[in-house]
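# Chain and residue survey
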Amino acid sequence: MTLPFFVYGTLRPGEPNHDLFLRGRTRSEEPGRLTDAVLYDGPGYPYAVEEPGGVVRGELVTALPEAYPELLTELDRLEEYVPGDPRSLYERVDRNVVRGDGTTVRAWVYVAAPHVAALLCARGTRIADGDWLNRVH
């Protein structure tokens, strides 16, 4: 399934992983919102945790078709996501993302794996406005 990616942390424009992974490999990047999720501060990067009523702000990134397979593999590796591996920090899931014009599109989103989400909900630091770029450094 070829879907755009919703990025909300270090892959956003101006953040360290954007240039390393996305520069020259995207057809478009536009603001987006992931609903029914909240954002937690992690050790140098955030985690989205699914929660009704929450909003996470980020970018909807559409990869160039010729770059898509390699980019998907590299982003899975970056996010330490291995399908079916209970040690994964994130899970890659397809969710609706709201564009700036209010329309929705299905996109890949890396959300905290269940064991990570449980720890964050119990002891994590939530980023109140759901925007990693507005976090207090």
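Residues numbered from 1 in each chain as written. Predicted model: local features only at pLDDT ≥ 70, side-chain atom pairs only at ≥ 80, totals over all residues. Heavy atoms only, no water.

### Observations concerning the overall build of the protein chain
Definition in use: Only DSSP runs of H or I reaching four residues or more are called helices, and only runs of E reaching two or more are called strands; each is numbered from the N terminus. Atoms counted for the radius of gyration: C-alpha only. Globule rule: 2.2 Å times the number of residues to the power 0.38. Summary of the burial criterion: residues with accessible area below 20% of their type's maximum are buried, those above 50% are exposed, and those between are partly exposed, where the area comes from a 1.4 Å probe applied to protein chains only. A contact between two residues is defined here by any heavy atoms of the two lying within 4.5 Å. The accessible surface values rely on the Shrake-Rupley method and a 1.4 Å probe; as for residues, cover is taken only from the protein chains in view. None of His or the chain ends enter the tally, which takes Lys and Arg as positive and Asp and Glu as negative. The location of each charge is read from NZ of Lys, CZ of Arg, CG of Asp or CD of Glu.
In terms of regular secondary structure, the protein chain is built from 3 helices and 6 strands. Moving toward the C terminus, one meets the helices and strands of the protein chain in the order β-α-β-β-α-β-β-α-β. Relative to its length of 137 residues, the protein chain is compact, with a C-alpha radius of gyration of 14 Å against a globular reference of 14 Å. Within the protein chain, buried positions represent 50% of all 137 residues. For the protein chain, long-range pairs separated by at least 24 residues make up 67% of all intrachain contacts whose partners lie at least 6 apart in sequence. Summed over all atoms, the accessible surface of the protein chain reaches about 7200 Å², with 53% contributed by carbon and sulfur. Across the protein chain, the 15 positively charged side chains and the 21 negatively charged ones have centroids separated by 1 Å.

### Some remarks on unusual backbone geometry
Residue Asp36 is not a glycine yet carries a positive backbone phi of 60 degrees. Position of Asp36 relative to the elements: it lies in strand β2 (residues 26–41). Positive phi values are uncommon outside glycine, yet Glu80 reaches one of about 55 degrees. Within the secondary structure, Glu80 sits in the loop between α2 (68–78) and β4 (90–99). A residue is classified by how much of its surface remains accessible, and Glu80, at 48% relative accessible area, is partly exposed.

### Describing the side chain of Arg12
What counts is decided by this rule: Counting of polar contacts relies on pairs of N or O atoms within 3.5 Å, with two restrictions inside protein: one atom must be capable of donating a hydrogen and the other of accepting it, and residues adjacent in sequence are counted only when both atoms are side-chain atoms.
Summarising the element assignment, Arg12 is placed in the loop between β1 (5–7) and α1 (16–22). There is a polar contact of 2.6 Å between the side chain of Arg12 and the side chain of Glu59. A distance of 2.7 Å separates the side chain of Arg12 from the side chain of Asp131, its partner in a polar contact. Setting aside its immediate chain neighbours within four residues, Arg12 contacts Val7, His18, Arg57, Gly58, Glu59, Asp131, Trp132 and Leu133.

### Some words on the pairing of strand β5 (residues 104–112)
Put simply, the test is: Paired strands, as defined in this entry, are two strands with at least two bridges between them according to DSSP.
The element β5 is extensively covered by neighbouring structure, given that 7 of its 9 residues are classed as buried. Relative to β5, β1 is paired through 2 bridges, and the arrangement is parallel. Note on β5: the bridge partner recorded for Phe5 is Trp108. Both β4 and β5 contribute to a ladder of 9 bridges, which runs antiparallel. Looking across to β5, one finds that Arg92 is bridged to Tyr110.

### Considering the nonpolar core
Quick note on the threshold: Nonpolar cores were defined as sets of buried Ala, Val, Leu, Ile, Met, Phe, Trp, Tyr and Cys residues, with membership established by side-chain atoms within 4.5 Å.
In terms of nonpolar packing, the biggest core is built from 40 residues, with Phe5, Phe6, Tyr8, Val56 and Val109 touching the most fellow members. Those elements that provide at least two residues to this core are β1, α1, β2, β3 (46–63), α2, β4, β5 and α3 (114–123). Sequence-distant contacts of Val56, defined by excluding residues within four places in its chain, comprise Phe6, Tyr8, Gly32, Arg33, Leu34, Ala37, Val38, Leu39, Ala48 and Gly130.

### Points about the environment of Asp41
By the secondary structure assignment, Asp41 is in strand β2. Among the residues examined, Asp41 registers a relative accessible area of 29% and is labelled partly exposed. When the C-alpha positions of Asp41 and Phe21 are compared, they lie 21 Å apart, and in sequence the two are 20 residues distant. When near neighbours in sequence (up to four residues on either side) are disregarded, Asp41 contacts Leu120, Thr125, Ile127 and Trp132.

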